[in-house]
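One letter stands for each residue in the lines below.
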Amino acid sequence: MSKLWGGRFELETDVEVEKFSASMNIDRRLWSVDIKASMAHARMLGEQAIISPADAAQLIAGLNSLHEDLTTGRLELDSTAEDIHSDIEKKLAEKLGPVAGKLHTARSRNDQVATDSRLYLRGEVLSLIEEIKALQEYFLASAKIHTQTVLPGFTHLQHAQPVSLAHHLLAYFWMLQRDRERLEQSLPRINSLPLGSAALAGTGFNLDRQAVAAELGFDKVTENSLDAVSDRDFVVEFLSNGSLIMMHLSRLSEELILWSTPEFAFVQLGDEVTTGSSIMPQKKNPDVAELIRGRVGRLYGSLMGALTMLKGLPLSYNRDLQEDKVFLFDGLDTVRASVRLMLIMLEKATWKAESMAKSLRGDFSNATDLADDLVTKGLPFRQAHEVIGKIVNHCIKTGLPLEDITLPALKGFSPLFDEKSLGLLPHVAVMKARTSEGGTAPSAVLAQIAKAELALG
Ligand code: ARG
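What counts, and at which threshold
Residues numbered from 1 in each chain as written. Predicted model: local features only at pLDDT ≥ 70, side-chain atom pairs only at ≥ 80, totals over all residues. Heavy atoms only, no water. Helix = DSSP H or I, 4+ residues; strand = E, 2+ residues; numbered from the N terminus. Rg over C-alpha atoms; globule rule 2.2 N^0.38 Å. Buried < 20%, exposed > 50% of the residue type's maximum accessible area, 1.4 Å probe, protein only. Contact = heavy atoms within 4.5 Å. Areas by Shrake-Rupley, 256 points an atom, 1.4 Å probe, with all protein chains shown as cover. Lys, Arg positive; Asp, Glu negative; His and termini not counted. Charge placed at Lys NZ, Arg CZ, Asp CG, Glu CD. Core = buried A, V, L, I, M, F, W, Y, C linked by side-chain atoms within 4.5 Å. Salt bridge = Lys/Arg side-chain N within 4 Å of Asp/Glu carboxyl O. Near = heavy atom within 4 Å. Polar contact = N/O pair within 3.5 Å; in protein donor to acceptor, adjacent residues only side chain to side chain. Nonpolar A, V, L, I, M, F, W, Y, C, P; charged D, E, K, R; others polar. Patch = residues over 30% accessible without salt bridge, like charges linked within 9 Å, V, L, I, M, F, W, Y side chains within 5 Å. Axes fitted to C-alpha atoms, helices over the stretch in contact; angles between N-to-C directions. Parallel < 35°, antiparallel > 145°, perpendicular 65-115°, else oblique. Left-handed = near helix turned anticlockwise from the far one by under 90°. Pairing = 2+ DSSP bridges. 1 Å grid on protein atoms, 1.4 Å probe; cavity = no way out; pocket = protein on both sides within 12 Å on 5 of 7 lines; lining within 4 Å. Points joined across faces, edges and corners; volume = space filled by probe spheres on them.

A. Summary view of the overall build of the protein chain. Scanning the protein chain from N- to C-terminus turns up 19 helices and six strands. Here the C-alpha atoms of the protein chain give a radius of gyration of 31 Å, more than 25% beyond the 23 Å that 2.2 N^0.38 yields for 457 residues. Dimensions of the protein chain, computed from C-alpha atoms along their principal axes, come out at roughly 100 × 50 × 40 Å. Classification of the 457 residues of the protein chain by burial places 50% in the buried group. Intrachain contacts of the protein chain at a sequence separation of at least 6 include 76% that bridge at least 24 residues. Accessible area for the protein chain stands at about 21,600 Å²; split by element, carbon and sulfur atoms hold 56% of it. Averaging the positions of the 49 positive and the 60 negative side-chain charges in the protein chain gives two centres separated by 4 Å.

Spelled out as C-alpha cells, the structure:
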C-alpha cells in the first residue's frame, strides 16, 4: 500500500522489512479510539482556524462515516497496512480525497499511538474495575451465608486453627479491593493527553490542546512533549497491577484445585467449568483454575518485557516502543478473561460444609484454646504450652480426638482444668472465640462484612 512517508524514498521498502515492522495486526483494536482522537483533533484545527471550518467539518463527517462503516462491517481493516493510523488515514482519503491530508496537520503518529493507547487502556481499566467488583460481590454474598461454616485454617498447609468459610472467602475480597484501588489510582496517570506533541518538540501552530483533552475526556494535557511521546509508564503500571491481580487469582485457583481433590473435598466444581479425560472416564479436572494459575506467567513476562523494552531508550520516540502493545494487550486480555472466568467458576462451585467439618475432627486445631484456658487460670503460657503438648501426645498415642477427652483425663494433666475447659474444645466454639477486630468469630466477621459493603460502595 502507499505509505504516509514515501516522498523522500527512491526505492520500495523490502517486503521482509515491511512485514517485520508492521504493527497492524497488533494495533488494529485501536481503530475506534484512533478515529475519535482524530475527530477531536480535526475539530480543534477548525476552531483554531489552522484549517478552514469547512475542511474541519468535512474531516469530522468523513471520520464519523468511517466509524460507522467499520462498526457495521461495511468496511474492513486492511491487514497489510503498516499500522492502524495509516489505514484509517488511507480510508479517509478514499472517502474524502485530498482534504483528508489536512488531518495530519500538527500531529504525528508518535502522538497518535500514545493517545490511542491511553484512551483504549482507560476504557479497559474502567471495565476491569467493574469485573473485579462483580467478583468481590460474589465473595461478599457468599460470606454472608457462611459465617457459621467452619473449616481448618492453615499455616504451612497444616491444620492450624479453625476459621469460618466467610472469613476465608473475605480474605480474597480484600485482595481484590486493593487491586481495584490500585487500578483506580492509576487512572489519573493514564488520563493525560499526549496529542499535540507533534512528534517530539511541539509545534508552531496555535493548538488548543485543552479543548482536545476536554472532548476526549482527559483530565489534563501532558506537560512535556518529549516525555509525552516516549512515556510508557502507564503500560508498566498496568502490567504491574495486572500481575498482582493474576497472582491473587492464582492463589485462589490453587486452593480451588486443592480443595476439589477427594482428599480435601471442600468444594465441588460444576460440570460446566471442568473437563474430562480422553482415557480415564472418572476424571473431572479443574482446567480453568489451572489455566488461570498458568497464565500468571504471561503477566509477569509482559511486565518484564515492557520494562526491558524501555530500559536505556534515549528520548524521545523510538520504534522499540511499538512493542509495548504486544505486552499491554496480551496482559489486558489475560487479566480480563481470568477475572471473568474466576467468577463463572465460583458461581458454579458448591462449598462442602460437611467435609470441612469432618476434616476438623481430631486435628488438634483446638489445642491453642486449651492452653489459653490454663493461662487465664494463672499458668504462664510456656508451661501451659508444655501441658497441652503432653495431652496432644497422649491423644495421638491413644487415637483419641482432643474434643472427645474427658474431664478426669484432663485433670490428670493439670488440676486447673474444670467443666468450662471441655466447652472450649468444639471447633465451632474455637472459631467463635476469635472475636478480635479482623478475627474469624461471626461477630467480628459481621463487622468485617459491614466494612466490605462500605468498600464496595
Ligand atoms: N506503529 C507505531 C507504534 O506503535 C506508530 C508510531 C510510528 N511512528 C513512527 N515514527 N514510525 O509505535
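Picking up after the structure, the text goes on.
B. Inspection of the nonpolar core at higher detail. Counting residues in hydrophobic clusters, the biggest one holds 105 residues, and the most contacted among them are Leu135, Phe139, Phe238, Met342, Met345, Leu346 and Trp351. Excluding residues within four positions of it along the chain, Leu135 makes contact with Leu176, Leu249, Val339, Met342, Leu343 and Leu346. Counting 18 residues, the second-largest nonpolar core is a separate cluster that includes Phe364, Leu379, Ala384 and Leu425.

C. Spatial organisation of the pattern of salt bridges. Tallying each qualifying case throughout the model produces 33 salt bridges. Here Lys19 and Glu16 are joined by a salt bridge, their closest N and O atoms 3.8 Å apart. One end of the pair, Lys19, and the other, Glu16, are both in helix H1 (residues 15–21), three residues apart, so they sit about a helical turn from each other. The residues Lys19 and Glu16 share a single accessibility class, namely exposed. Across the pair Lys95 and Asp69 runs a salt bridge whose closest N-O atoms are separated by 2.6 Å. In this pair, Lys95 sits in helix H5 (residues 84–96) while Asp69 sits in helix H4 (residues 53–72), placing the two residues 26 residues apart along the sequence.

D. Focus on the site of the ligand. Near the ligand you find Ser23, Asp27, Asp83, His85, Arg109, Asn110, Val113, Tyr317, Arg319, Gln322 and Lys325, and these make up its full shell. Note that a nitrogen atom of the ligand is positioned 3.2 Å from one of the side-chain N or O atoms of Ser23. Contact distances for the ligand include 3.1 Å between a nitrogen atom and a side-chain N or O atom of Asp83. For the ligand, whose unbound accessible area comes to 340 Å², protein coverage reaches 86%. In terms of residues, the shell around the ligand owes the most to one element, helix H6 (residues 109–145), which gives three residues. Across the shell around the ligand, the residue classes break down as two nonpolar, four polar and five charged.

E. Here's a closer look at a nonpolar patch on the surface. Together, Leu4, Trp5 and Phe9 make up an exposed nonpolar region whose accessible area comes to about 270 Å². Within the fold, Phe9 resides in the segment before H1.

F. Looking closely at the side chain of Ser253. Tracing the backbone shows Ser253 in helix H10 (residues 233–259). Look at Ser253 and you get buried, because its relative accessible area is 0%.

G. Molecular detail of the packing of helix H11 (residues 287–310) against helix H12 (residues 324–347). For the pair H11 and H12, the least separation of the axes is 9 Å and the interaxial angle reads 155°. Judged by the angle between their axes, H11 and H12 are roughly antiparallel. The two elements H11 and H12 meet at a crossing, and its hand is left-handed. Between H11 and H12, the residues in contact are Val288, Ala289, Ile292, Arg295, Arg298, Leu299, Ser302, Gly305, Ala306 and Met309 and Asp324, Phe327, Asp330, Gly331, Thr334, Val335, Ser338, Leu341, Met342 and Met345, respectively. Taken together, the residues of the contact of H11 with H12 sort by class into eleven nonpolar, five polar and four charged.

H. Structural detail: the pairing of strand E2 (residues 158–164). Of the pairings in the sheet, the one linking strand E1 (residues 150–155) to E2 comprises six bridges and is antiparallel in character. Following the sheet pairing, Val150 is matched in E2 by Ser164. Counting the residues that bridge the hairpin from E1 to E2 gives two residues, and of these His156 lies at a positive phi of roughly 55°.

I. Quick peek at empty space enclosed by the protein. Tallied over the full model, the rule gives one cavity of 30 Å³ or more. Here the largest cavity is characterised by a volume of approximately 30 Å³. Around the largest cavity, the lining residues are Phe139, His168, Leu169, Tyr172, Leu252, Glu255, Trp259, Leu346 and Trp351. Mapped by element, the contributors of at least two residues to the lining of the largest cavity are helix H7 (165–190) and H10. Of the residues belonging to the lining of the largest cavity, the class tally is seven nonpolar, one polar and one charged.

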